[in-house]
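Given next are the chains, with one letter for each unit.
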Amino acid sequence: MKASEKIYEGKAKILYRTEDPNLLIQYFKDDATAFNAQKKGTIQNKGVVNCAVSSVIFEFLETKGIKTHFVKKLDDRQMLIKKVEIIPLEVVIRNYVAGSLAKRTGKPEGEKLPETLVEWYYKDDALGDPMVTKDHIRIFKLATNDEIAKVETLAKKVNDLLVPYFEQREILLVDYKLEFGRHPEGILLADEITPDGCRLWDAKTREKMDKDRFRFDLGKVEEGYKQIYERVVG
Ligand code: UDP
């Protein structure tokens, strides 16, 4: 399967058409952005790490019965995916306090949450992805009640699978962002699951191994991504 026309270029990925109208190619770039693209840079080899990590995780989730857009990994930076209509929501799952939740609540980063927290953000760069409630989602027709319920159930299932998956690799799954898409087969888990959109800490030392190293200039950015690659793919 070869890439043809580029149909979308985002901050970290490019989508191409293929000869099959139902399939797209998702290409992973090394470009990195943070704080709504106010900070820009490159993380050497990030695209290769993210393509491999995302492929392995989607394959794992598929074996556990989660339907995803993943078809197969084509090469170092490209995966074949099912074409979906992305639901314009960023679904954030949290197991520990970090990032914007720490700011919003004043709770210390790293505090374990008593249960899985699901948050909803409206996926709109111009608005800075504002947090929304289920009522906003329904009233502004971003998704139906049925879709919200299905997405929430799926997100919690994914979390129940991924927490022990990362634990086995001595990684703490602190929080992460999921996206879902509408497809004739139903709602599919889409986008990516990578250190770009997950907070992943070393389970013992709590050292950050994700995009926070880039966001906050913590150094050893490539090393963080490499650690995740080795523990998940290697
Ligand atoms: N996240 C993401 N894309 C976004 C916003 C958040 O992938 O546009 C991920 C982020 O990497 C983290 C989780 O969602 O793992 C929660 O992010 P948070 O709300 O704490 O925002 P941040 O502190 O990253 O601004």
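For the structure, check the block above.
Residues numbered from 1 in each chain as written. Predicted model: local features only at pLDDT ≥ 70, side-chain atom pairs only at ≥ 80, totals over all residues. Heavy atoms only, no water.

**Digging into the site of the ligand**
No. 1: Close to the ligand lie 16 residues; E90, R94, S100, D175 and R199 are nearest.
No. 2: E90 has a polar side-chain atom sitting 3.0 Å from an oxygen atom of the ligand.
No. 3: Contacts to the ligand include S100, whose side-chain N or O atom sits 2.6 Å from an oxygen atom.
No. 4: In the complex, 77% of the free accessible area of the ligand, which totals 510 Å², lies under the protein chains.
No. 5: At the level of secondary structure, the elements contributing two or more residues to the shell around the ligand comprise β9 (89-96), α2 (99-105), β12 (171-183) and β14 (198-202).
No. 6: When grouped by side-chain class, the residues that make up the shell around the ligand number 5 nonpolar, 3 polar and 8 charged. (Near = heavy atom within 4 Å. Polar contact = N/O pair within 3.5 Å; in protein donor to acceptor, adjacent residues only side chain to side chain. Areas by Shrake-Rupley, 256 points an atom, 1.4 Å probe, with all protein chains shown as cover. Helix = DSSP H or I, 4+ residues; strand = E, 2+ residues; numbered from the N terminus. Nonpolar A, V, L, I, M, F, W, Y, C, P; charged D, E, K, R; others polar.)

**Side note on the sheet that holds strand β2 (residues 13-17)**
No. 1: Overall, antiparallel pairing links the 5 strands, which are arranged β1-β2-β3-β7-β6 in an open sheet. What marks the edges here is a single partner per strand, and that holds for β1 (6-9) and β6 (70-73). Ignoring which end each strand starts from, the neighbouring axes of this sheet average 25 degrees apart.
No. 2: Of the pairings in the sheet, the one linking β6 to strand β7 (residues 78-82) comprises 3 bridges and is antiparallel in character. Bridging across to β7, K73 finds its partner in M79.
No. 3: Docked against the sheet, helix α1 (residues 46-63) engages β3 (23-28), β6 and β7, running at close to 130 degrees with respect to β6. (Pairing = 2+ DSSP bridges. Axes fitted to C-alpha atoms, helices over the stretch in contact; angles between N-to-C directions. Contact = heavy atoms within 4.5 Å.)

**Points about the side chain of H183**
No. 1: Mapping H183 onto the fold places it in strand β12.
No. 2: Excluding its chain neighbours within four sequence positions, the residues that come into contact with H183 are K82, K83, V84 and L188.

**Brief notes about the packing of aromatic side chains**
Two descriptors summarise a pair of aromatic rings, namely the distance from one centre to the other and the angle between the planes of the rings.
No. 1: Per the counting criterion, the structure on display carries 4 aromatic pairs.
No. 2: Plain terms: the ring middles of F35 and F216 are 5.7 Å apart, the flat faces sit at 65 degrees to each other, and that makes the pair edge-to-face. Taken together, the residues F35 in the loop between β4 (31-34) and β5 (39-42) and F216 in the loop between α5 (212-215) and α6 (221-232) connect sequence positions 181 residues apart.
No. 3: We classify F35 as partly exposed; its relative accessible area is 39%.
No. 4: Seen in terms of ring centroids, F60 and Y165 are 4.5 Å apart; in terms of plane orientation they differ by 35 degrees. Their pairing is tilted. One end of the pair, F60, is in helix α1; the other, Y165, is in helix α4 (residues 145-167), and 105 residues separate them in sequence.
No. 5: When its relative accessible area of 5% is taken as the criterion, Y165 is described as buried.
No. 6: Over the ring of F214 we find K39, and its NZ or CZ is 5.1 Å from the ring centre.
No. 7: Above the plane of the ring of Y165 lies R169, whose end atom (NZ or CZ) is 3.7 Å from the centre. (Phe/Tyr/Trp six-rings, centres within 6.5 Å; stacked < 30°, edge-to-face > 60°. Buried < 20%, exposed > 50% of the residue type's maximum accessible area, 1.4 Å probe, protein only. Lys NZ or Arg CZ within 6 Å of the ring centre and 35° of its normal.)

**Regarding the environment of D175**
No. 1: Following the sequence through the fold, D175 ends up in strand β12.
No. 2: When its relative accessible area of 5% is taken as the criterion, D175 is described as buried.
No. 3: Aside from chain neighbours lying at most four places away, what touches D175 is I93, R94, A98, G197, C198 and R199.
No. 4: Polar side-chain contacts of D175 include one of 3.3 Å to the side chain of R94.

**Considerations on the pattern of salt bridges**
No. 1: Under the counting rule described, the total for this entry stands at 31 salt bridges.
No. 2: Where E185 meets K82, a salt bridge forms, and the shortest distance between an N and an O atom there is 3.2 Å. Highlighted residues: E185 in the loop between β12 and β13 (186-190) and K82 in strand β7, separated in sequence by 103 residues.
No. 3: When its relative accessible area of 40% is taken as the criterion, E185 is described as partly exposed.
No. 4: With a shortest N-O distance of 3.9 Å, R213 and E207 are connected by a salt bridge.
No. 5: According to the relative accessible area criterion, R213 is buried, its value standing at 7%. (Salt bridge = Lys/Arg side-chain N within 4 Å of Asp/Glu carboxyl O.)

**Topic: the packing of α1 against α4**
No. 1: Remark: α1 packs on α4, axes separated minimally by 11 Å, with the N-to-C direction vectors making an angle of 120 degrees. Between α1 and α4, the angle is such that the two are oblique. In this structure, α1 crosses over α4, and the sense of that crossing is right-handed. Within the contact between the two elements, α1 uses V56, I57, F60 and L61 and α4 uses V158, L161, L162, Y165 and F166.
No. 2: The residue makeup of the contact of α1 with α4, split by class, is 9 nonpolar, no polar and no charged. (Parallel < 35°, antiparallel > 145°, perpendicular 65-115°, else oblique. Left-handed = near helix turned anticlockwise from the far one by under 90°.)

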